[in-house]
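# Observations on chain architecture
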Amino acid sequence: MRQSQLFGKTVREAPKDEISQNAILLSRAGYIDKLMAGVYSYLPLGLKVLSKIKNIVRSEMDAIGGQEILMPALHPREVWDETKRWESLKEIMFQFKGRGGKDLGLGATHEEIVVDIARKRISSYRDLPVYLYQIQDKFRNEPRAKSGLLRGREFSMKDLYSFNQNQHDLEVFYSQATQAYGKIFARCGLQAIVTEASGGAFTSDYSHEFQVATPYGEDEIVVCPAGDFVQNTEICQLKTGDRCPHCGQAVKLVQSIEVGNIFKLGAKYSQDMGLTFADENGKKQEVIMGCYGIGPSRVMGAVVEVYHDDKGIIWPASLAPYQAHLLLLDQQKSALTDQVYQELTQAGCEVLYDDRQESAGIKLNDADLIGLPVKLIIGAKTGEHELEYQLRDNSDQGKLKFDRVADFLNQLYKK
Ligand code: ATP
Ligand code: MG
């Protein structure tokens, strides 16, 4: 992509009311555009990152037997009344009237909708297990939408729902899902800590949150350094220095961001909505459910919170919108640099090529702000048939002959 053609220029100032690093950097670098508090558009660079996250999530959900569907965002009240959640979620759910005074709501979550689909199609033990997921925008009337992509009022969520014959099968799938979540976050460059949290209203068990430690996080978790105890402070009274209930070591309180949350729902929705199956003896049983959420847009914000410096974003290779930033710093070499760009593109490398008529200083600053993992620089001082590379995380720099660049990028991206 030629940067002279790229829609979404870098800007010096983020919108005045943005206070979080993710919103400031993503706005300044031209990834997102704020429409109102907690509501953002994704510009070409931003959409590429979001899509990469969604595709990682998709591949790991498919790997544990998930089947992708897409449910509507616009819901009738009646299905929500079956679980009494039209009333109990009225603070958080956008609810309004449609034609003829009909009550409608925007999906804040989708248990009621997926159970409605499932009860029309599941009748026998032969129909189970089934694992359905979607990646879709959710709507929540969040009271404090001030953290950029971390807390949207419209935001992206992957929600998977598991349907099993019994509690044992749910437990088995639940632990597969836990592993899959670990892989997703690792592939996104995040170290997610599995944390016990409240199980929600319907089960005595804990739910499990995936928390990323960062000072900007809105959550607080109690962590034992031995790794045998982690709980959200919403269910745990311990303070820094108190003894771990398992091993006696001193625990620590850590600020963190919840990037995923998985729940055992048991028979709650099946009971309320009549989702049953005939077992092998023909006896009617309730389907046992679980639900598994991840916010791709929140993951994008969390990655920026973790990976940035005072110059800009530092994308992990797996999420960067382009593999490399080719910088033409000496206009005398523009024909030569055009050729390098074409060759790399033909070799299948995704390159953002700063071909603009701007000073070297502006180009280098913009490249740092945008944060691609490697800069490929062609300037007055670079020798013939070679360019200079610099990794954005400052871990390496040096010179490369033109015919080595594609291999170099392939190596970098294999890691
Ligand atoms: P929080 O406690 O942060 O409000 P939650 O527990 O209500 O989140 P869940 O219903 O568990 O959220 O949603 C599953 C996942 O969706 C979360 O782990 C998070 O990644 C994402 N998510 C939830 N709310 C938001 C939001 N307002 N903006 C962006 N992502 C969100
Ligand atoms: Mg949660």
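Counting of residues starts from 1 at the beginning of each chain's written sequence and follows it residue by residue. In the order they appear in the text, chains get letters beginning with A and ligands get numbers beginning with 1. Residue-level local features of this predicted model are given only where pLDDT is at least 70; pairs of side-chain atoms are given and counted only at 80 or more, and the full residue set underlies all totals for whole chains, interfaces and linings. Each side-chain value is derived from all of the structure's non-hydrogen atoms; neither hydrogens nor water enter the calculation.

This part covers the packing of helix 2 (residues 44–63) against helix 8 (residues 296–306). Interaxial angle, 0 to 180 degrees, is taken between N-to-C directions of lines fitted to C-alpha atoms, where a helix line uses only the stretch in contact. Strands are runs of DSSP state E lasting at least two residues, helices are runs of H or I lasting at least four, and both sets are numbered from the N terminus onward. Close contact between helix 2 and helix 8 brings their axes to 9 Å; oriented N to C, the two are set at 115 degrees. The angle between helix 2 and helix 8 falls in the class roughly perpendicular. The handedness of the crossing between helix 2 and helix 8 is right-handed. Here Gly-46, Val-49, Leu-50, Ile-53 and Lys-54 of helix 2 come into contact with helix 8, specifically with Pro-296, Ser-297, Val-299 and Met-300. Reported orientations rely on four angle classes, namely roughly parallel under 35 degrees, roughly antiparallel over 145, roughly perpendicular from 65 to 115, and oblique for the rest. Note on convention: near helix rotated counterclockwise from far helix by under a right angle means a left-handed crossing. Clockwise means right-handed. Throughout, a contact is declared for two residues whenever any of their heavy atoms are within 4.5 Å.

Moving on, we come to the packing of helix 2 against helix 6 (residues 167–187). Running from N to C, helix 2 and helix 6 point in directions that differ by 155 degrees, and their axes come no closer than 9 Å. Our classification of the angle between helix 2 and helix 6 gives roughly antiparallel. Crossing hand, helix 2 versus helix 6: right-handed. On the side of helix 2, the interface is formed by Ile-56, Val-57, Ser-59, Glu-60 and Met-61, while helix 6 contributes Ala-180, Tyr-181, Lys-183, Ile-184 and Arg-187. Here the residues of the contact of helix 2 with helix 6 sort into 6 nonpolar, 1 polar and 3 charged. Classification used: nonpolar for Ala, Val, Leu, Ile, Met, Phe, Trp, Tyr, Cys and Pro, charged for Asp, Glu, Lys and Arg, polar for all others including Gly.

Our next topic: helix 6. A helix is expected to span 1.5 Å for every residue after the first. Between the first and last C-alpha of helix 6 there are 30 Å, a value that for 21 residues agrees with the 30 Å anticipated at 1.5 Å per step. Throughout, exposure labels follow a simple rule: accessible area from a 1.4 Å probe, protein chains only, divided by the maximum for the residue type, with under 20% read as buried, over 50% as exposed, and the rest as partly exposed. Listed as buried for helix 6 are Leu-170, Phe-173, Tyr-174, Ala-177, Ala-180, Tyr-181, Ile-184 and Phe-185. Buried residues in helix 6, looked at end-on, bunch into an arc of 130 degrees, giving them a common side. Seen from the buried face of helix 6, the exposed residues on the opposite side, beyond 90 degrees, are His-168, Gln-179 and Ala-186. The definition of a polar contact used here is a pair of N or O atoms within 3.5 Å, where within protein one atom must be able to donate a hydrogen and the other to accept one, and adjacent residues in sequence count solely through side-chain atom pairs. Where helix 6 begins, the side chain of Asn-166 points an oxygen toward the backbone nitrogen of His-168, at a separation of 3.3 Å. Trailing helix 6 by a residue or two, Gly-189 shows a phi angle of about 85 degrees, which is positive. Picture the helix axis, draw a direction to every C-beta atom, and the arc is the one those directions span.

Moving on to helix 11 (residues 405–414). Inspection of helix 11 places Val-405, Ala-406, Phe-408, Leu-409 and Leu-412 among the buried residues, and these make up the whole buried set. One side of helix 11 carries all its buried residues, which in axial view fall inside an arc of 160 degrees. Among the structural elements, strand 19 (324–328), helix 9 (334–346), strand 21 (374–378), strand 22 (386–391) and strand 23 (397–401) are those in contact with the buried residues of helix 11.

A few words now on the nonpolar core. Considering soluble globular proteins, one finds that nonpolar side chains tend to be buried as a cluster. Counting residues in each nonpolar core, the largest one holds 55 residues, and the members touching the most others are Tyr-31 and Trp-315. Here this core takes 8 residues from helix 6, the largest share from any one element. Leaving out residues up to four positions away in the same chain, Trp-315 has contacts with Leu-26, Tyr-31, Val-49, Met-300, Val-303, Val-304, Ala-320, Pro-321, Ile-370, Gly-371, Leu-372 and Pro-373. By size, the runner-up hydrophobic cluster in this structure holds 24 residues, among which are Met-71, Val-115, Tyr-161 and Met-289. What we call a nonpolar core is a set of buried Ala, Val, Leu, Ile, Met, Phe, Trp, Tyr and Cys residues that are connected through their side-chain atoms within 4.5 Å.

Take the layout of surface pockets next. The definitions used throughout rest on a 1 Å grid laid over the protein atoms alone, on which a cavity is an enclosed set of points accommodating a 1.4 Å probe that cannot get out and a pocket is an open set flanked by protein within 12 Å on both sides along at least five of seven lines; lining residues are those having an atom within 4 Å of a point. Grid points are joined across faces, edges and corners, and a volume is the space filled by probe spheres set on the points. Its volume calculated, the largest pocket comes out at about 1,100 Å³. Lining the largest pocket are 43 residues; nearest its centre among them are Arg-140, Met-157, Glu-258, Asn-261 and Phe-263. Residue assignment for the lining of the largest pocket shows that the elements contributing at least two residues are strand 8 (154–164), strand 11 (219–223), strand 13 (252–266), strand 16 (288–294) and helix 8. Residues belonging to the lining of the largest pocket are distributed by class as follows: 17 nonpolar, 12 polar and 14 charged. Roughly 410 Å³ of internal volume is contained in the second largest pocket. Every residue lining the second largest pocket is counted, 18 residues in all, and those nearest its centre are Trp-315, Pro-316, Ala-317, Ser-318 and Leu-412. Mapped onto the lining of the second largest pocket, the elements with two or more residues apiece are helix 6 and helix 11. Tallied by class, the residues present in the lining of the second largest pocket amount to 11 nonpolar, 3 polar and 4 charged. Each domain's extent was defined by an automatic or database domain assignment. For the lining of the second largest pocket, the domains that each give at least three residues are domain 1 (3–306) and domain 2 (324–412).

Taken in spatial order, the 3 strands make up an open sheet running 4-6-5, and their pairing is antiparallel. If you trace the sheet from one side to the other, it starts and ends with strand 4 (74–76) and strand 5 (95–97), each paired once. Strand-to-strand twist in this sheet, taken as the mean axis angle between neighbours without regard to direction, amounts to 35 degrees. Where strand 5 lies against strand 6 (residues 103–106), 3 bridges are found, and the strand directions are antiparallel. Residue Lys-97 lies in a different strand from strand 6, and its bridge partner there is Asp-103. Two strands qualify as a pair provided DSSP detects at least 2 bridges between them.

A few words on the packing of aromatic side chains. Aromatic ring pairs are described here by two measures, namely the spacing of the ring centres and the angle between the planes. Stacked, edge-to-face and tilted labels apply to pairs of Phe, Tyr and Trp rings (six-membered ring for Trp) whose centres lie within 6.5 Å, assigned for plane angles under 30 degrees, over 60, and everything in between, in that order. Scanning all chains against the criterion turns up 9 aromatic pairs. Aromatic side chains Phe-173 and Tyr-292 sit 5.4 Å apart centroid to centroid with 85 degrees between the ring planes, which places their arrangement in the edge-to-face category. Remark: Tyr-292 occurs in strand 16 and Phe-173 occurs in helix 6; sequence separation between them is 119 residues. We note that Phe-173, like Tyr-292, is buried. Three or more aromatic residues link up through ring pairs in this structure, and these residues are Tyr-131, Phe-173, Tyr-174 and Tyr-292. Remark: a charge is flagged as sitting over a ring if the NZ atom of Lys or the CZ atom of Arg is within 6 Å of the ring centre and within 35 degrees of the ring normal. Over the aromatic face of Tyr-174 sits the side chain of Lys-264, whose NZ or CZ is 4.6 Å from the ring centroid. The ring of Tyr-269 carries Lys-268 above its face, with NZ or CZ at 5.7 Å from the centroid.

This part covers the state of the cysteines. The term disulfide is used for any two cysteine sulfur atoms that are within 2.5 Å. Applying the stated rule across the entire model yields 0 disulfides. Unpaired in this structure, Cys-244 has its nearest cysteine sulfur neighbour in Cys-224, at a distance of 3.7 Å. For Cys-244, a relative accessible area of 3% translates into the label buried. You can see Cys-247 has no disulfide; the closest cysteine sulfur is in Cys-224, sitting 3.6 Å from it.

Before going further, it helps to examine empty space enclosed by the protein. In this structure the tally under the stated criterion is 1 cavity of 30 Å³ or more. One number sums up the size of the largest cavity: a volume of about 70 Å³. Every residue lining the largest cavity is listed: Leu-150, Arg-151, Glu-218, Asp-219, Ser-256, Ile-257, Glu-258 and Arg-298. Top element by residues in the lining of the largest cavity is strand 13. It accounts for 3 residues. Its residues assigned to classes, the lining of the largest cavity comprises 2 nonpolar, 1 polar and 5 charged.

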